[in-house]
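# Structural description and commentary
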Amino acid sequence: MKIMFPKFDKVGMPLLGVAAAALFVLEAKRQLRRRTRPKSERLVENGSVAAAALPALRLLLVPGMYAAAKWANRRNFGLLAWLPGWGRYTLGFLLLDYTNYLWHVLLHKSDLLWRFHNVHHIDLDLDLSSAWRFHIGENIASVPYRSGAVALLGVPAPLVLFYEVIFEGCTAFHHSNLRLPYKVEKQLCKLMVTPRMHGIHHSIVARETNSNFSVIFSGWDRLHQTLRLNVPQHAITIGVPSYRDPAEQHPVRLLRLPFEKQRLWQLPDGTVPEREELQEKHLLLP
Ligand SMILES: [Zn+2]
């Protein structure tokens, strides 16, 4: 199996690094939601979880998806195999993004997968460092799904690497705590997932968490009626209601979390967070 991808590592990764550095500076200057915990502690916690998960992404997921694409390309296999090159690239990019929308829905619907995805969601704040805070188990579980999707679609192998760079860049962007001008974001979220839109996905209100599953294009949520924009950012409490204790953010506890008894979706005092449903689900509020 091919492991080395020179363009991915020498062009894609440095570009991602520059984008992440820019977001890191910008989100500090223009905060969207008020942070609840010290940044330094979050960097250590989220950095430790990411340090375990990222090698799985680079050494298993990326080579796995690339090998699956090569396998399909050699056999002219897959939904898009009959299309000309440009069609396979454009439609392939769109449909790869759709498979990732479906994967994200599955992470929330499957009890087993949620155990791992929960580690990402119990973060008590949302910023750039949350973008790589995924349990290594979630990254490993995504290998057969995402490789299978690549093979079934029959997307060109180089597209898999290109899509992955854009996917990671967009993940960094929509997890960031960057306050974009409201008017700009109102337009932008018609096309792609933005920080306000994804902030709603990390709310402790169950109905809001079960919204906005898209990764790059916001259209998948529109298509499946899972789009929700009508929650003002100042009203959002980030996290999962049954995990409010900062002591539980220790990296070792986070890595053990999927193997422990799962808690009900309620606050420590037993109440279930609720919010009155506003009209106009698709209207972005500041
Ligand atoms: Zn999620």
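Residues numbered from 1 in each chain as written. Predicted model: local features only at pLDDT ≥ 70, side-chain atom pairs only at ≥ 80, totals over all residues.

With an unreviewed UniProt entry as reference, the protein chain is termed Fatty acid hydroxylase domain-containing protein, source organism Pontibacter actiniarum. Recorded in UniProt under Subcellular location (unreviewed entry), the annotation for the protein chain is "Membrane". (UniProt positions renumbered as here; feature names shortened; annotations may be inferred.)

### Looking at the overall build of the protein chain
If you tally the helices and strands in the protein chain, you get 11 helices and zero strands. Along its sequence from the N terminus, the protein chain presents helices and strands in the succession α-α-α-α-α-α-α-α-α-α-α. Viewed in the frame of its principal axes, the protein chain has a C-alpha envelope of about 55 × 40 × 35 Å. For the protein chain, the residues scored as buried account for 40% of the 286 residues in total. (Helix = DSSP H or I, 4+ residues; strand = E, 2+ residues; numbered from the N terminus. Buried ≥ 20, exposed ≤ 12 C-beta atoms within 10 Å, placed from the backbone.)

### A closer look at the environment of Pro38
Structurally, Pro38 is set in the loop between helix 1 (6-29) and helix 2 (39-75). A sequence separation of 242 residues divides Pro38 from Glu280, and the C-alpha atoms of the two residues are 35 Å apart.

### Brief notes about the UniProt feature "domain: Fatty acid hydroxylase" (unreviewed entry) in the protein chain
Here the UniProt-annotated "domain: Fatty acid hydroxylase" (unreviewed entry) positions come out as residues 90-226. This span, residues 90-226, is 66% helix and 0% strand, and a straight line between its end C-alpha atoms measures 24 Å.

### What to know about the nonpolar core
By size, the foremost hydrophobic cluster in this structure holds 58 residues, and its most contacted members are Ala53, Met65, Ala68, Ala69, Val150, Val155 and Val160. Within the residue set of this core, elements represented by two or more residues are helix 2, helix 3 (85-109), helix 4 (111-121), helix 5 (136-153), helix 6 (157-175) and helix 8 (195-201). Looking at this core, the element that brings in the most residues is helix 2, giving 10 residues. Filtering out sequence-adjacent residues up to four positions away, Ala53 remains in contact with Trp132, Phe134, His135, Ile136 and Asn139. (Core = buried A, V, L, I, M, F, W, Y, C linked by C-beta atoms within 7 Å. Contact = placed C-beta atoms within 7 Å.)

### Some points on helix 6
Its 19 residues place the ends of helix 6 28 Å apart at the C-alpha level, agreeing with the 27 Å of an ideal helix rising 1.5 Å per residue. Of all the positions in helix 6, only Val160, Tyr163, Glu164, Glu168, Cys170, Thr171, Ala172, Phe173, His174 and His175 are classed as buried. Contacts made by the buried residues of helix 6 are with helix 1, helix 2, helix 3, helix 5 and helix 8. (Expected span 1.5 Å × (residues − 1).)

### Regarding unusual backbone geometry
Phi is positive for Asn76, which is not a glycine, with a value near 55°. Of note, Asn76 is situated in the loop between helix 2 and helix 3. With 9 C-beta atoms packed within 10 Å, Asn76 lands in the exposed category. Despite not being glycine, Asn212 shows a phi value in the positive range, around 55°.

### A few points about the packing of helix 2 against helix 6
In helix packing, the relevant descriptors are the interaxial angle and the interaxial distance, both defined with respect to the helix axes. Across the interface, helix 2 lies against helix 6 with an axial gap of 8 Å and an inter-helix angle of 150°. When the axes of helix 2 and helix 6 are compared, the pair comes out roughly antiparallel. The handedness of the crossing between helix 2 and helix 6 is right-handed. Between helix 2 and helix 6, the contacting residues are Val62, Met65, Tyr66, Ala69, Lys70 and Asn73 on the first element and Ala157, Val160, Leu161 and Glu164 on the second. Across the contact of helix 2 with helix 6, the residue classes break down as seven nonpolar, one polar and two charged. (Axes fitted to C-alpha atoms, helices over the stretch in contact; angles between N-to-C directions. Parallel < 35°, antiparallel > 145°, perpendicular 65-115°, else oblique. Left-handed = near helix turned anticlockwise from the far one by under 90°. Nonpolar A, V, L, I, M, F, W, Y, C, P; charged D, E, K, R; others polar.)

### Concerning the packing of helix 4 against helix 5
Running from amino to carboxyl end, helix 4 crosses helix 5 at an angle of 135°, the nearest separation of the two axes being 8 Å. One finds that helix 4 runs oblique with respect to helix 5. Where helix 4 abuts helix 5, its residues Leu113, Phe116 and His117 lie against Gly137, Glu138 and Ala141.

### Describing helix 5
Taking 1.5 Å of rise per residue, the 18 residues of helix 5 would be expected to cover 26 Å, and the 26 Å separating its terminal C-alpha atoms lies within 8% of that figure. Along helix 5, the sharpest kink reaches roughly 35°, centred on Val143 and followed within four residues by the proline Pro144. Of the residues making up helix 5, those classed as buried are Ile136, Gly137, Glu138, Asn139, Ala141, Ser142, Arg146, Ser147, Ala149, Val150, Ala151 and Leu153. The elements touched by buried residues of helix 5 are helix 2, helix 3, helix 4 and helix 6. (Bend = angle between axes of the 7 residues up to and from the residue.)

### Let's talk about the environment of Tyr66
Within the element layout of this structure, Tyr66 appears in helix 2. On a C-alpha basis, the gap between Tyr66 and Ala235 in space is 42 Å, while along the polypeptide they are 169 residues apart.

### Things to note about the environment of Met13
Looking at the secondary structure, you find Met13 in helix 1. The spacing of Met13 and Val165 is 152 residues in sequence and 7.4 Å in space, taken between C-alpha atoms.

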